[in-house]
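Architecture at a glance
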Amino acid sequence: MSVEHHDLIHEFPELKERIHELKVGDPHFRRLFEEYHTLTRSIENMENEVTPVSTRTEEEAKLRRVHLKDELYRLLTAVA
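So, here is what we can say about the structure in this document. Bear in mind that the values here come from a model prediction, so they are computed numbers and not experimental data. (Residues numbered from 1 in each chain as written. Predicted model: local features only at pLDDT ≥ 70, side-chain atom pairs only at ≥ 80, totals over all residues. Heavy atoms only, no water.)

So, the pattern of salt bridges
Cut-off, in case you're wondering: We define a salt bridge as a side-chain nitrogen of Lys or Arg found within 4 Å of a carboxyl oxygen belonging to Asp or Glu. Going along the chain from the N terminus, every DSSP run of H or I of four or more residues is numbered as a helix, and every run of E of two or more is numbered as a strand. A simple rule labels every residue: compare its accessible area, found with a 1.4 Å probe on the protein chains alone, to the largest value its type can have, and call it buried under 20%, exposed over 50%, or partly exposed in between.
Summed over all chains, the structure comprises 8 salt bridges. Residue Glu35 pairs with Arg31 through a salt bridge whose shortest N-O separation is 3.5 Å. With Glu35 and Arg31 both in helix 3 (residues 27-47), this residue pair falls 4 residues apart, about one helical turn. Look at Arg31 and you get partly exposed, because its relative accessible area is 44%. Glu35 is paired through a salt bridge with Arg64; the nearest N and O atoms lie 2.6 Å apart. Here the residue Glu35 occupies a position in helix 3, and Arg64 occupies one in helix 4 (residues 55-77), the gap between them amounting to 29 residues. Overall, the relative accessible area of 28% leaves Glu35 in the partly exposed class.

Things to note about the environment of Glu71
Put simply, the rule is: By definition, residues are in contact when any of their heavy atoms lie within 4.5 Å.
Structurally, Glu71 can be placed in helix 4. The spatial distance from the C-alpha of Glu71 to the C-alpha of Glu58 is 20 Å, given a sequence separation of 13 residues. Glu71 has contacts with His28 and Leu32, leaving out every residue within four places of it along the chain.

Observations regarding the nonpolar core
As a reminder, the rule being used: Here the nonpolar core consists of buried residues drawn from Ala, Val, Leu, Ile, Met, Phe, Trp, Tyr and Cys, with membership extended through side-chain atoms lying within 4.5 Å.
The biggest cluster of nonpolar side chains holds 17 residues, and the ones touching the most others in it are Leu8, Ile19, Phe29, Phe33, Leu72 and Leu76. Ranked by residues supplied to this core, first place goes to helix 3 with 7 residues. Those residues in contact with Leu72 that lie beyond four places of it in its chain are Leu8, Phe29, Leu32, Phe33 and Tyr36.

Thoughts on the packing of helix 2 (residues 16-25) against helix 3
Cut-off, in case you're wondering: The angle between two axes is taken between their N-to-C directions and runs from 0 to 180 degrees, where each axis is a line fitted to C-alpha atoms and a helix contributes only its stretch in contact. Angle categories: roughly parallel below 35 degrees, roughly antiparallel above 145, roughly perpendicular from 65 to 115, and oblique for all the rest. Handedness of a crossing follows from how the near helix is turned relative to the far one, being left-handed for an anticlockwise turn of less than a right angle and right-handed for a clockwise one.
Running from N to C, helix 2 and helix 3 cross one another at 110°; their axes reach a closest spacing of 6 Å. By the angle between their directions, the pair helix 2 and helix 3 is classed as roughly perpendicular. Every pair of crossing elements has a handedness; the one defined by helix 2 and helix 3 is left-handed. Here helix 2 contributes Ile19, Leu22, Lys23, Val24 and Gly25 to the contact with helix 3, which in turn contributes Pro27, Phe29, Arg30 and Phe33.

Focus: the side chain of Glu58
Note on placement: Glu58 falls in helix 4. Its relative accessible area of 16% is what places Glu58 among the buried residues.

As for the packing of aromatic side chains
As a reminder of what qualifies: Stacked, tilted and edge-to-face pairs are distinguished by plane angle, under 30 degrees for stacked and over 60 for edge-to-face with tilted covering the rest, among Phe, Tyr and Trp rings (Trp via its six-membered ring) whose centres lie within 6.5 Å.
Counted by the stated rule, this structure contains 2 aromatic pairs. Between Phe29 and Phe33, the ring centres sit 6.2 Å apart and the planes meet at 25°, which makes this aromatic pair stacked. Residue Phe29 and its partner Phe33 are located together in helix 3, separated by 4 residues, close to a single helical turn. Residue Phe29 is classed as buried on the basis of its relative accessible area, which comes to 0%. Its relative accessible area of 15% is what places Phe33 among the buried residues.

Structure follows, in structure tokens:
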């Protein structure tokens, strides 16, 4: 099974520079960014069956990732 990449650069390639700016200059964004990427790695391990979990646990993790991505996108596109 092929695992899709969900890191923010793949998700929002047009916002690559903005992602870098906020990672460097906004501690709140940086914390959410790190949480998102840690969760994404964990989900990839679940999908590759490196970390066996129930379907429910995997789906809850994916839902949390969607919420984090929504918040990160809101921060990325907010007008300063």
